[in-house]
Amino acid sequence: MEFPQIDEVSSLINEKLQMWLEQGIKHLPNIVVAIFIAVVFGLLANLLGKFVKRGLRRAFESRQIADLLTSILKAAFISAGLFIALDFVGLQGTVTSLLAGAGIVGLAIGFAFQDLTENFIAGIAMGIRKPFEIGDVIEADGVFGKVEAINLRNTLVATFFGQREIIPNKILFRNILTNYSVIGYRRLEVPVGISYADDPQHAREVLVEALNKKDYVIKKEETDVFASSFGDSSVNLLVWFWMKYPGPHNFMEVRHDAVVTIRQTLSDAGILIPFPIRTLDFDAKGGKTLDAMISASKQTNSDQQ
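Okay, so let's go over this structure. What you see as residue numbers is a count from 1 along each chain, following the sequence as written. In keeping with the model being predicted, local features are shown solely for residues with a pLDDT of at least 70 and side-chain atom pairs are shown and tallied solely at 80 or more, while totals for entire chains, interfaces and linings include all residues. The basis for the side-chain values is all heavy atoms of the structure; hydrogens and waters are excluded.

### Here we look at the sheet that holds strand E4 (residues 164-168)
For two strands to be treated as a pair, DSSP must find no fewer than two bridges joining them. Numbering of helices and strands runs from the N terminus, with a helix taken as a DSSP run of H or I at least four residues long and a strand as a DSSP run of E at least two residues long. If you walk across this open sheet you meet the five strands as E4-E3-E2-E1-E5, and the pairing is antiparallel. Taken across any chain shown, the strands that pair with only one partner, and hence form the sheet edges, are E4 and strand E5 (177-179). Taking the axes of each pair of neighbouring strands and ignoring which way they run, one obtains an average angle of 40° across the sheet. The pairing of strand E1 (residues 137-140) with strand E2 (residues 143-150) spans four bridges and is classified as antiparallel. Within E2, the residue paired with Ala140 across the bridge is Val143. In this description, a line fitted to the C-alpha atoms serves as the axis of each element, helices being fitted only across the stretch in contact, and the angle between N-to-C directions of two axes falls anywhere from 0 to 180 degrees.

### Overview of the sheet that holds strand E7 (residues 224-230)
The strand order across the open sheet formed by three strands is E6-E8-E7, and the pairing between neighbours is antiparallel. At either margin of the open sheet sits one strand with a lone partner, and together these are strand E6 (185-194) and E7. Recorded for the sheet is a direction-independent mean angle of 25° between the axes of neighbouring strands. Bridging between E7 and strand E8 (residues 235-244) involves six bridges; their strand directions are antiparallel. Across the sheet, residue Val225 finds its bridge partner in E8, namely Val239.

### Concerning helix H6 (residues 200-211)
Owing to its 3.6 residues per turn, the α-helix brings residues three or four apart onto one side. Taking 1.5 Å per residue as the helical rise, H6 with its twelve residues ought to reach 16 Å, and the 16 Å between its terminal C-alpha atoms agrees with that figure. Categorising residues by exposure relies on relative accessible area from a 1.4 Å probe, with only protein chains included: less than 20% of the type maximum marks a residue as buried, more than 50% marks it as exposed, and the intermediate range marks it as partly exposed. Three or more residues of H6 are buried, namely Ala203, Val206, Leu207, Val208, Ala210 and Leu211. Any pair of residues with heavy atoms lying within 4.5 Å of one another is described as a contacting pair. Those residues of H6 that are buried are in contact with E6, E7, E8 and helix H7 (251-268). Where H6 begins, one side-chain oxygen reaches toward the backbone nitrogen of Gln201, 3.1 Å away; that side chain belongs to Asp199. Each helix should span, by expectation, one fewer than its residue count multiplied by 1.5 Å. Counting of polar contacts relies on pairs of N or O atoms within 3.5 Å, with two restrictions inside protein: one atom must be capable of donating a hydrogen and the other of accepting it, and residues adjacent in sequence are counted only when both atoms are side-chain atoms.

### A look at the nonpolar core
In this structure, Ile194, Leu207, Leu237, Val239, Phe241, Ile262 and Leu266 are the most contacted members of the largest nonpolar core, which totals 26 residues. Mapped by element, the contributors of at least two residues to this core are E6, H6, E8 and H7. When neighbours within four sequence positions are excluded, Leu237 is seen to be in contact with Val190, Pro191, Val192, Ile194, Pro200, Ala203, Val225, Phe226, Ala227 and Ser228. Nonpolar core, defined: a set of buried Ala, Val, Leu, Ile, Met, Phe, Trp, Tyr and Cys residues in which side-chain atoms within 4.5 Å join the residues together.

Shape descriptors only; they carry no functional weight alone.
If you want it as structure tokens, here you go:
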């Protein structure tokens, strides 16, 4: 096997280097302009990022979402500058390869981290739509409490049982969500039963008057009592009234005071809240009391004797 002579190898290297040098000198103005374009886009991206970050932090409750969107915008702006710079020096093939590679990598990441991506997109969508804010009282997927933080992947909720629930954003985005804070008030319904001997209309009047004297009751013109059904031993009523929620009064304290007030008001009005009552009828067709049955039995025995 014959090896090339050192002179031949040196000559080939020199020719190659000379050609690269000539090409570099030839494209030097384009390279300088491309570097200038990349630097300018980088500076503009930083300047634009500062203004965008301020606006997004005002628009979003989560600083993480605002900072992430700002970083994405800056990266996209810088990438555009790099692609323009590469295209300016005649590296169109490199630009095409980079774009194709970025698409393939993004697709692979999307499939690999599908759950993470779904929560992430749901977090951004909720940050834009704002179905709730930090401090709101919400209920979703069996969790009821106050929102503590809104992150990219999940939302932290402090329940009224003293626990912290971490809810994936996709659950809040997909399922039914109740926001108790957005309207600012809430209606309470307290069921109560009165005896059949009492007048439901009279009970309605005294209860509405008593509840409207409470300072936690708002929209007093809508405070009302409705007869809902006939129970085994009572006429069942529903007491309705409105309160601020969240507000200065605790929900549990308000409900407790309402039950106490309803009981006391009915008692003062002489209206009975009955215990369960059972009436026993005898005979096949009913309608006969136990005393009547015993008396009839004694009479029959006397006649037979």
